[in-house]
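# Chains, contacts and geometry: an overview
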Amino acid sequence: MVKEEVKLAIHSSGLDHYPGVAFIANRDTHQVLFLNQKGKELLHVRQDDIAKGITCDSIGLHNLELCLNCPINKLEENTFYNLRNYNKKVGLYFNYLIYPYQKDGQKLFISFARDNSAEVKIRIEAKKKEVAEQALNDALIHSMNQGNPNDAILTFLKEIAHAFKGSRCFVFEKMPDGGFTNTYFWSARKEEKNVPDFGTYD
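Residues numbered from 1 in each chain as written. Predicted model: local features only at pLDDT ≥ 70, side-chain atom pairs only at ≥ 80, totals over all residues. Heavy atoms only, no water.

## Digging into the overall build of the protein chain
When helices and strands are counted, the protein chain shows six helices and seven strands. Reading the protein chain from its N terminus to its C terminus gives the helix and strand order α-β-β-α-α-α-β-β-β-α-α-β-β. Out of the 202 residues belonging to the protein chain, those deemed buried represent 34%. Within the protein chain, contacts between residues separated by at least 24 positions form 41% of all contacts whose residues are at least 6 apart in sequence. Accessible area of the protein chain: about 12,900 Å², with a carbon and sulfur share of 52%. (Helix = DSSP H or I, 4+ residues; strand = E, 2+ residues; numbered from the N terminus. Buried < 20%, exposed > 50% of the residue type's maximum accessible area, 1.4 Å probe, protein only. Contact = heavy atoms within 4.5 Å. Areas by Shrake-Rupley, 256 points an atom, 1.4 Å probe, with all protein chains shown as cover.)

Here it is in structure tokens:
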């Protein structure tokens, strides 16, 4: 929704057609005065709940810390602001477009939110991959400094286990019959010195 449409929505009943979550709240009390149909469905809020005076933080629209130190009253009215927040109630990230304004003597703000979880998930997975690649590179570098191949492999396994917070690490070798069997083994437990026999796996 473009900003001109946001301004128009303040003075109309068209918020239910917005594809994301849209709500209007009082800047002084944080009471939610309106929540569109998409928001009610996603956040499991009924019209009766709104009539009872629910607040932004009670349904996870903004987090409690943000509401207790609400920056909205410090923002200039009739200006657009962007905010990203994690909604614990539904486990999703949202990007908010916030617009503080006054109507009928009340200090209000309108907020439009879109689910941002897909984008954030991609970033998290990319970061995990980057960390994993760096751990593998570091393990290879450390293992190459060892005096013999056996020590090098054990050092590599140890570094990998530490990087991923594991207590054991194995190497599985592909056998002539196409199956896999464990050949090298490192354990944080000193009493586990021998390679466990897991048999052959297809």
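Additional details are given in the paragraphs that follow.
## Considering the pairing of strand β2 (residues 32-35)
The side chains of a regular strand alternate between both faces of the sheet. Both strand β1 (residues 21-26) and β2 contribute to a ladder of three bridges, which runs antiparallel. Bridge pairing in β2 places Phe23 opposite Leu35. Linking β1 back to β2 in an antiparallel pair, the connection comprises five residues, with His30 at a positive phi of about 65°. (Pairing = 2+ DSSP bridges.)

## Some details on the packing of aromatic side chains
The relation between two aromatic rings is expressed through the spacing of the ring centres and the mutual angle of the planes. The full count for this structure, using the stated rule, is five aromatic pairs. Ring centres 6.2 Å apart and planes at 45° place the aromatic pair Phe170 and Phe172 in the tilted group. On the accessibility criterion, Phe170 (23% relative accessible area) is partly exposed. According to the relative accessible area criterion, Phe172 is partly exposed, its value standing at 39%. An aromatic cluster of three or more residues is present, and its members are Phe80, Tyr99 and Tyr101. (Phe/Tyr/Trp six-rings, centres within 6.5 Å; stacked < 30°, edge-to-face > 60°.)

## Describing the confidence of the model for the protein chain
Model confidence for the protein chain is summarised by a mean pLDDT of 77, while 72% of its residues fall at 70 or above. When mean pLDDT is taken per element in the protein chain, β2 scores highest with 90 and helix α4 (residues 64-68) scores lowest with 48. (pLDDT = per-residue confidence, 0-100.)

## Details of the side chain of Arg27
Topologically, Arg27 is positioned in the loop between β1 and β2. At 2.5 Å, the side chain of Arg27 forms a polar contact with the side chain of Glu77. Only 2.7 Å separates the side chain of Arg27 from the backbone oxygen of Leu108, close enough to count as a polar contact. (Polar contact = N/O pair within 3.5 Å; in protein donor to acceptor, adjacent residues only side chain to side chain.)

## Some words on the pattern of salt bridges
One pass over the full model with this rule turns up three salt bridges. A salt bridge links Arg27 to Glu77; the shortest N-O distance between them is 2.5 Å. You can see Arg27 sitting in the loop between β1 and β2 and its partner Glu77 sitting in the loop between α4 and β3 (81-87), a full 50 residues away along the chain. Using a relative accessible area of 25% as the deciding quantity, one classes Glu77 as partly exposed. Measuring nitrogen to oxygen at the nearest pair gives 3.7 Å for the salt bridge that ties Lys107 to Asp28. Placement of Lys107 in strand β5 (residues 106-115) and of Asp28 in the loop between β1 and β2 is noted, with a sequence separation of 79 residues between them. The exposure class assigned to Asp28 is partly exposed, which follows from its relative accessible area of 47%. (Salt bridge = Lys/Arg side-chain N within 4 Å of Asp/Glu carboxyl O.)

## Examining helix α6 (residues 149-163)
Compared with an ideal rise of 1.5 Å per residue, which puts 15 residues at 21 Å, α6 spans 21 Å between its outermost C-alpha atoms and is within 8% of the ideal. Residues of α6 that are buried include every one of Ala152, Thr155, Leu157, Ile160 and Ala161, and no others. Its side-chain oxygen placed 3.1 Å from the backbone nitrogen of Asn150, Asn148 serves as the N-cap of α6. (Expected span 1.5 Å × (residues − 1).)

## Notes on the nonpolar core
Grouped together as the largest cluster of nonpolar side chains are 16 residues, with contacts concentrated most on Phe23, Val32, Leu35, Val45 and Ile59. Of all the elements in the fold, those that place two or more residues in this core are β1, β2, β4 (92-103) and β5. In this structure Leu35 touches Val21, Ala22, Phe23, Lys40, Val45, Ile50 and Ile59, once residues within four positions along its chain are discounted. (Core = buried A, V, L, I, M, F, W, Y, C linked by side-chain atoms within 4.5 Å.)

## Overview of the environment of Ala135
Residue placement: Ala135 occurs in helix α5 (residues 117-144). Classification of Ala135 as buried rests on a relative accessible area of 12%. With 28 residues separating them in the primary sequence, Ala135 and Ala163 have C-alpha atoms 6.1 Å apart. Setting aside residues no more than four positions away along its own chain, Ala135 makes contact with Ile160, Ala163 and Phe164.

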